[in-house]
Structure formats: structure tokens, C-alpha cells
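Residues per chain, in single letters:
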Amino acid sequence: MKLAFINNFELAAVTDAGVVNLSAAIAEGLNVLPPQQLMNHVIEHWSDYETKFAALIGAGPARPIEDVTLRAPLPKPISIACMAVNYMEFGALKEKPEPQAFLKNSHSVIGPGDTMKLPDVPASIFEAEAEMALVIGKTAKNVKAEDAYDYIFGYLNFADGSSRGLSMGMGMPYFMKCQDDSAPLGPWIVTADEVANPMNLRVQQWNNGNPTHDYNTDDMAHDIAASLAFVSANTTLEAGDVIALGTNHQGLHPLQDGDLVEQEIEGLGRLAFHVHDEHKRSWSRETRAERRSKKLKGPAPQLAGKYAEN
């Protein structure tokens with residue numbers, strides 16, 4: 001099942017026929033919950049809701065997806081844990097790195113069609129890492145890798161917005177990764193039963209229609225089970241929390257004002273978001289892979305706008 005929030009954060013299912021409102025299956029007292037708490041409740045009590053939702057989907061009616069506004073399916077997770085340096089980069093990394101992770105705050109989340117606003121900080125570049133994320137289905141602490149999939153409710157697209165090159169005290173993870181509007185996710189949650197093999201999915205991203213990221217989840221250094229075990233060894237996770245599973249960095253490229261970024265993971269739908277920069281900073285339009293092929297070091301240079309080097 002594909003679970004989404006639409007319009008004024010009404011719970012809905014996205015089907016091949018269109019979008020079906022699921023609000024009728026939610027007890028009246030629960031419909032007043034904030035959207036994240038409502039989604040957490042549904043996830044945590046999925047065995048009670050799955051059959052009810054299926055009946056509503058079967059009965060319809062389904063509205064064309066063009067007639068609704070999709071919202072972030074997880075608008076304010078309690079925890080957003082992100083794996084770092086978790087891909088072998090098409091063989092660029094010869095040895096598996098040690099597992100690493102960081103946290104983003106819930107105000108980082110934006111949904112489909114929303115705008116990532118670039119902050120007023122002297123970053124050398126702004127990027128959005130195309131990632132798959134998993135959604136926790138029940139309280140998870142010290143989960144063993146062999147039990148990890150029992151704790152996964154579903155999967156979705158996630159873009160990890162990053163402000164790179166900040167000076168000491170403004171670097172990773174706080175100012176670099178924890179900015180507001182820096183975690184686009186969606187467009188919906190696909191329940192785990194609909195994803196046959198999450199370790200073999202194509203991940204793509206485009207900027208203004210130009211392809212940037214294109215890799216497969218089978219290149220993870222620490223797979224889904226190992227990542228969940230690593231994060232839950234340090235942090236208690238609850239239903240509705242998110243673990244973003246990292247990216248292949250070769251497709252990273254500069255974000256700048258007016259960009260339309262689209263991201264699609266096989267079977268998980270397409271997430272689109274806009275970029276706004278009131279300071280109109282601009283960069284050379286190059287991916288990391290393109291610069292590497294030209295034997296150029298570092299990210300694309302800033303060409304104009306606030307903080308550009310004279």
C-alpha cells in the first residue's frame with residue numbers, strides 16, 4: 001500500500017486508479033491528532049488498519065492524483081537518522097568504511113512540491129543527496145541485524161540537503177546537515193510488503209530535467225539490516241521514525257535558485273521539490289563525477305552571489 005497525506009493532511013492511499021481518502025477508517029477522536037502523530041498511530045497499529053484501508057480502496061471512489069495536493073507523508077518524525085559514507089561509490093572506495101550516522105531535525109522535512117530554501121551561510125556549495133529511507137514500524141532499540149526487517153514498516157524517497165565547506169563550529173553535522181527545509185521526503189510511504197528487494201533498487205535524480213544521480217541500492221557499504229542495527233544501538237527509534245540510508249556521491253551537484261529537483265526510486269514514486277535562494281548564488285553546473293573525469297578537485301566553484309570569492 002502507498003500511504004500519503006493530501007490537501008489539509010488527510011490520510012490517503014495512492015493506487016493505480018487514483019487517490020482514495022482513508023479518513024473514514026480513522027476513529028473520530030484520532031482525526032484531530034497532528035498529522036505526524038496520526039501517521040505514527042496508523043503505523044504502530046497497522047494490523048488494525050490494513051484490512052479497513054483495503055476495503056476503502058476497493059470501494060473507492062478514487063480521485064485523479066492531479067486533483068489533490070500531496071503533502072509530506074511524515075511531516076515531523078521524532079528522529080531522522082542518516083547514514084553517512086554508506087556507498088562504495090562505483091568502486092571508488094576500495095575498503096568498506098566504518099559505519100557513521102548523524103541526525104537531522106524534524107523542521108528539516110519538506111514534502112512534494114515544496115521549496116528548499118538555501119540558508120544564509122558561507123557554504124562552498126549546497127547539494128541534495130538522493131537517498132532511499134526506511135520507515136520504522138515499532139519501537140526499535142539494540143535491534144540485531146537478523147531481526148531488522150521485522151522493524152521496517154516501509155520505504156520512501158529522501159533527499160539529504162547539505163551545506164558544505166563551512167568553517168569549524170559550523171560544520172557537520174549541525175549547520176551542514178541540520179538546516180530547516182533540508183530533508184525533502186515522499187511522495188508517499190510504500191509499505192514493506194510491496195518492495196520485494198529493497199537492496200536492489202535503482203535511484204535516480206534530475207535537476208531541471210538533467211540526469212545527475214543514477215545508482216543502485218546494491219552498492220551500500222552497510223546494508224539495510226546493518227544500518228538499522230547500527231543506528232538502534234545508540235538511538236531508540238519509534239514508529240514513524242526515519243533512517244536515510246546514504247548516497248553514491250558521484251551525482252552530487254550544486255543547487256541554486258530556481259532549480260526543480262526530481263528524484264525517483266524504483267517502485268517508490270517520484271519526489272519533486274523546488275530550490276530558492278534569495279541571495280542568487282550560482283555555481284558551475286557540474287556533478288562530482290563530471291569534475292573527477294576532468295581531473296578537477298573539489299566541488300564546483302561558486303561563480304557569483306553572496307560569499308563568492310572576488
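Residues numbered from 1 in each chain as written. Predicted model: local features only at pLDDT ≥ 70, side-chain atom pairs only at ≥ 80, totals over all residues. Heavy atoms only, no water.

## So, the nonpolar core
Then, in step 1: Counting 36 residues, the largest nonpolar core has Met132, Leu134, Tyr155, Ile224, Leu228 and Ile243 as the members making the most contacts within it.
Then, in step 2: Elements supplying a minimum of two residues to this core: β1 (2-6), β2 (10-15), β5 (80-84), β9 (125-136), β10 (152-164), β11 (183-191) and α4 (224-232).
Then, in step 3: Beyond its immediate chain neighbours, meaning those up to four positions away, Leu228 contacts Leu134, Ile136, Val143, Ala148, Tyr151, Ile152 and Ile243.
Then, in step 4: Counting residues in each nonpolar core, the second largest holds 33 residues, with Met1, Met39, Phe153 and Ala183 among its members. (Core = buried A, V, L, I, M, F, W, Y, C linked by side-chain atoms within 4.5 Å. Buried < 20%, exposed > 50% of the residue type's maximum accessible area, 1.4 Å probe, protein only. Helix = DSSP H or I, 4+ residues; strand = E, 2+ residues; numbered from the N terminus. Contact = heavy atoms within 4.5 Å.)

## Quick word on the packing of aromatic side chains
Then, in step 1: Per the counting criterion, the structure on display carries seven aromatic pairs.
Then, in step 2: An angle of 90 degrees between the planes, with centres 5.9 Å apart, marks the rings of Phe126 and Trp283 as edge-to-face. You can see Phe126 sitting in strand β9 and its partner Trp283 sitting in strand β17 (residues 282-283), a full 157 residues away along the chain.
Then, in step 3: A relative accessible area of 2% means that Phe126 is categorised as buried.
Then, in step 4: The interplanar angle of 90 degrees and the centroid separation of 5.2 Å between the aromatic rings of Tyr174 and Phe175 together place this pair among those described as edge-to-face. (Phe/Tyr/Trp six-rings, centres within 6.5 Å; stacked < 30°, edge-to-face > 60°.)

## Some words on the packing of helix α1 (residues 35-44) against helix α2 (residues 46-59)
Then, in step 1: Between α1 and α2, the shortest axis-to-axis distance is 6 Å and the interhelical angle comes to 95 degrees. Of the possible angle classes, the one that applies to α1 and α2 is roughly perpendicular. Here α1 contributes His41, Val42, Ile43 and Glu44 to the contact with α2, which in turn contributes Trp46, Tyr49 and Phe53.
Then, in step 2: Of the residues assigned to the contact of α1 with α2, the class counts are five nonpolar, one polar and one charged. (Axes fitted to C-alpha atoms, helices over the stretch in contact; angles between N-to-C directions. Parallel < 35°, antiparallel > 145°, perpendicular 65-115°, else oblique. Nonpolar A, V, L, I, M, F, W, Y, C, P; charged D, E, K, R; others polar.)

## Some details on the environment of Ala128
Then, in step 1: By secondary structure assignment, the location of Ala128 is in strand β9.
Then, in step 2: Overall, Ala128 belongs to the buried group, its relative accessible area being 1%.
Then, in step 3: Considered as a pair, Ala128 and Lys2 are 126 residues apart in the sequence and their alpha carbons are 24 Å apart.
Then, in step 4: Aside from chain neighbours lying at most four places away, what touches Ala128 is Met116, Ala159, Asp160, Gly161, Gln205, His213, Leu252, Leu255 and Phe273.

## Remarks on the state of the cysteines
Then, in step 1: The tally for this structure, following the rule as stated, stands at zero disulfides.
Then, in step 2: No disulfide involves Cys178; its sulfur sits 9.0 Å from that of Cys82, the nearest cysteine. (Disulfide = S-S within 2.5 Å.)

## Looking at unusual backbone geometry
Then, in step 1: With an omega of 0 degrees, the peptide bond running from Gly60 to Pro61 counts as cis.
Then, in step 2: Note on placement: Pro61 falls in the loop between α2 and β4 (70-71).
Then, in step 3: Cis geometry is adopted by the peptide bond preceding Pro187, which originates at Gly186 and carries an omega value of 0 degrees.
Then, in step 4: Along the chain, the position of Pro187 falls in strand β11.
Then, in step 5: With a phi close to 60 degrees, Glu89 is a non-glycine residue in the positive phi region.
Then, in step 6: Mapped onto the elements, Glu89 comes out in the loop between β5 and β6 (100-104).
Then, in step 7: Overall, Glu89 belongs to the buried group, its relative accessible area being 7%.
Then, in step 8: Of note in this structure, Lys295 is not a glycine but carries a positive phi near 60 degrees.
Then, in step 9: Following the sequence through the fold, Lys295 ends up in the loop between α5 (288-293) and β18 (302-304).
Then, in step 10: Residue Lys295 is classed as exposed on the basis of its relative accessible area, which comes to 75%.

In short, the description is geometric, and any link to function would need to be established separately.
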